[in-house]
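Structure assessment
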Amino acid sequence: MKRLPRWTLVLFIAIDLLLLAACGILAALPVEADPDLAKEDWGMGASNIEPSWTGLLRPWPDAPSVDFELANLGYTLFFDPVLSGDNTYSCAHCHHPDLGFSDGKPVAVGPTGEEINRNAPTLWNVAYNTFFFWDGRASSLEEQMIVPLTAPNEMNQNLDALVNELNAIEAYPPLFDALFEDGITSDNVISAIVAFERTLISDGAAFDAYAGGDFTALTAQQRRGLGIFRSAATRCFECHSAPTFKSDAFKVIGVPDGDDTGHGAIDENSVDYAFRVPTLRNVALSGPYMHNGYFTSLEDVIDFYRDGGGPGAGFEAATVDRVIAPGFKLNDQEIEDLIAFLYALTDETIPESMWEQVSYVDEAGHILLPDAVPSGLSPIEPIDNPARAVIAETTAAPDERSECLRDSETRTVTVGDNQTLQQAIDCAEVGDTILVPPRVYHERVVIDLNDITLRGLIENEPDACPVQENGVWPTNEPEWPILDGDIDNDGTKDLTDGIIASGHNFTMEYFVVRNYTGNGVLVEGVTQTTLRHLYTENTGLYGVYPVRSTGVLVECSIATLTTDAGIYVGQSEDIIVRNNLAYDNVTGIEIENSYNADVYANETWNNTGGILVFMLPNLHSRVSRDIHVYDNYVHGNNRPKDDATPGSVVGKIPIGSGIFVMGSDYSEIYNNRIEGNRSFGIALVSMYQAYEPDEIGDVGPLSEHNYIHDNHFKDNGDDPDQAVKDAGLPGADLLWDARGFGNHWDESDASRFPPILPGKNWLGVVERSYFQVVNFVGKRF
């Protein structure tokens, strides 16, 4: 929490006593409030295509329509050196088809040999970009195109001179006249080239075939790499999500550089050293990598991220993104697997629907290099890209399925005595139930099919959810199948994740998951998932981790010994979390950047924080609202946070946090039993408590229109954490940072700060006046 002078407590009390005298003037002033986002801009929940074979089939974003006759002209111009001022450079010199439509150099080099300070990005799938250049300075391809054409250190062309030169070339005027009433103009030149670039759609890679249901499209190594890519350890998928494997966001990752501040130099509301997240489509062809070409190989890039990004490379100019900062652990085999998956994103053909409409592809859809161009100048020559041979070798000879114990009548697959769990899963078909005998499985498991139930075979199914008996939970694990990331049973966690699932209608029940570095059970991007009767222990960041999903049910489970949250649901909607136990974590239960959640009948104890409802910046989802937290028992959450993941937000929460709400709107906290949390029972704060204004971006930072009522408090705030004391705040049952309008409290016999909190029955004029004063103090102190 940000530091407040200690005298503000006295000031708040004085304000509360004198407030009513000021009602008339203050009520007329405008109230600080967040802008309302339309629901289509919230960005949470699943985005899969249905019906589908797997949950990995995601819809492509909309792209501008293309006039293919115009694209044919644009292709000719793209490869013609006449576009440069000295007639030596074409667009293709920096965006060569054989080099992934890049140039194979760390930074681009102009016709004079002068280096340009940025790497030439690939043009594959540029049609789906919202921002252009590494710093995002252009918002359309047309706007972008003007810069390389005219920049002195790039093509150095005078646009009027270009028009005259094209008019003097016999072939060009009739080509333009057939498409434009005004013939050759600089705008028409740009429109034609942009039309060609928008046909560079790569959507037929091995990954796409696999996502469409072709099991053999990826090798076993590539499937393992896909699991690592989506794991909670690497978190690659959070910025590079299917199908484009890019993001419109700008991230600080900390690549060593000089004075290039990236998006911060373009947008005063952005942070310095943030750069656009590029696509990973055809990434194996388009190195070197990063905005300045700092890394020559994918191995170098992964090593950089593995070490936590910039800080591991000596970068100290800005705080790197929270997803990057912790770093991760991968062994050599896992790195090879991850790179093998990245090779599976290679596809140098445009969609088959375009082949007969354009003049520049071969019979398989590859872009052809022209033998000649209308100017008579020399076009680029082919270049041998050695990455192609490596890609072909990696993707050759897909493996076959193992022998399967599948009953087609009952739609069940039973794990055989000599099978791995993954081998049995690979035998399954859509709609199957996979029956798993109780034994230890040392593996990471990936499930992408829809309508799959993963069920542990147990002798006696529990007839109720777990509860404490006489205040004590028996810590012995149930005799269920066990997923264990400690392969050698030597106390070392060797694997990143237990389960990674991306299929719709996924159910998992009756499992123990333990000893992973990243996550116990990760479910990503699905519609309808049920996770019940799971015991997760010592699983890295999260025990149970549904993210970017719709229709989430987590129930009757136990989560303990995680370094972030025992049960985490993020960027999702239509959520139920009920009848779970979470203890000995940094956070017991966390609902982050989500919509419409019911969190009830859970028990959290001996965590650093019991239940968190958070809104964080720089995520795909941009909302936290309609979260209902009720009938929970939240007690004794006073655990030290020494094992919190470095750089994590939960690592900042005060020890002794009961229920902590930050940046959420229209949420309700009621009828909870909250006891013995040393800092506070319920805190309601804005994002300014954890972030500087320039770190928040375009999300609403305030907590607004929340209702906290009828909770039961005992012995909270008796010994507040030093972070609370440093903020000049007392411990209390109820804390508010006086930011955000429309919040109400109706609590009897609860200690509170500020000493007076607005209730539902307050007159509007009184509430507005009171808010103006306390908000003024809260913002300034």
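Residues numbered from 1 in each chain as written. Predicted model: local features only at pLDDT ≥ 70, side-chain atom pairs only at ≥ 80, totals over all residues. Heavy atoms only, no water.

1. A closer look at the confidence of the model for the protein
The predicted coordinates should not be examined in detail at positions where pLDDT is low. Taken as a whole, the protein shows an average pLDDT of 89; of its residues, 90% reach a score of 70 or greater. pLDDT under 50 marks residues 470-474. Its contacts with residues more than four places away, or in other chains, come to eight contacts. (pLDDT = per-residue confidence, 0-100. Contact = heavy atoms within 4.5 Å.)

2. Some thoughts on the side chain of Asn 580
Structurally, the position occupied by Asn 580 is in the loop between strand S18 (573-578) and strand S19 (581-583). You can call Asn 580 buried: its relative accessible area is 0%. Those residues within four positions of Asn 580 in sequence are excluded, and the remaining contacts are Val 554, Glu 555, Cys 556, Ser 557, Ile 567, Ala 601, Asn 602 and Glu 603. (Helix = DSSP H or I, 4+ residues; strand = E, 2+ residues; numbered from the N terminus. Buried < 20%, exposed > 50% of the residue type's maximum accessible area, 1.4 Å probe, protein only.)

3. Some remarks on helix H11 (residues 298-306)
Inspection of H11 places Leu 298, Val 301, Ile 302 and Phe 304 among the buried residues, and these make up the whole buried set. One face of H11 carries all of its buried residues, which in axial projection span an arc of 155°. Of the surrounding secondary structure, the elements contacted by the buried residues of H11 are helix H12 (332-343). A positive phi of about 90° marks Gly 308, the residue just after H11. (Arc of directions from axis to C-beta.)

4. Describing the sheet that holds strand S10 (residues 497-501)
Within the open sheet, the eleven strands sit side by side as S7-S10-S12-S14-S17-S20-S23-S26-S29-S32-S34. Their pairing is parallel. Each edge of the sheet is formed by a strand with only one pairing partner; in this case those strands are strand S7 (445-447) and strand S34 (752-753). Examined bridge by bridge, strand S20 (residues 587-592) and strand S23 (residues 609-614) share five bridges and lie parallel to one another. Paired with Glu 592 across the bridge in S23 is Phe 614. (Pairing = 2+ DSSP bridges.)

5. Some points on helix H10 (residues 220-229)
The buried count for H10 comes to seven of ten residues, which makes it a mostly enclosed element. Residues of H10 that are buried include every one of Gln 222, Arg 223, Gly 225, Leu 226, Gly 227, Ile 228 and Phe 229, and no others. Looking at the buried positions of H10, the neighbouring elements they touch are helix H9 (206-211), H12, helix H13 (387-394), helix H14 (421-427), S7 and S10.

6. Some points on the state of the cysteines
When the sulfur atoms of two cysteines share a covalent bond, that bond is a disulfide. Scanning all chains against the criterion turns up two disulfides. One disulfide bridge connects Cys 404 with Cys 427, the sulfur atoms lying 1.9 Å from each other. On the sign convention where negative is left-handed, the bridge of Cys 404 and Cys 427, at about -80° about the S-S bond, is left-handed. Residue Cys 404 is found in the loop between H13 and strand S3 (406-407), and its partner Cys 427 is found in helix H14; the two are separated by 23 residues along the sequence. On the accessibility criterion, Cys 404 (31% relative accessible area) is partly exposed. Paired through a disulfide, Cys 465 and Cys 556 show a sulfur-sulfur distance of 1.7 Å. (Disulfide = S-S within 2.5 Å.)

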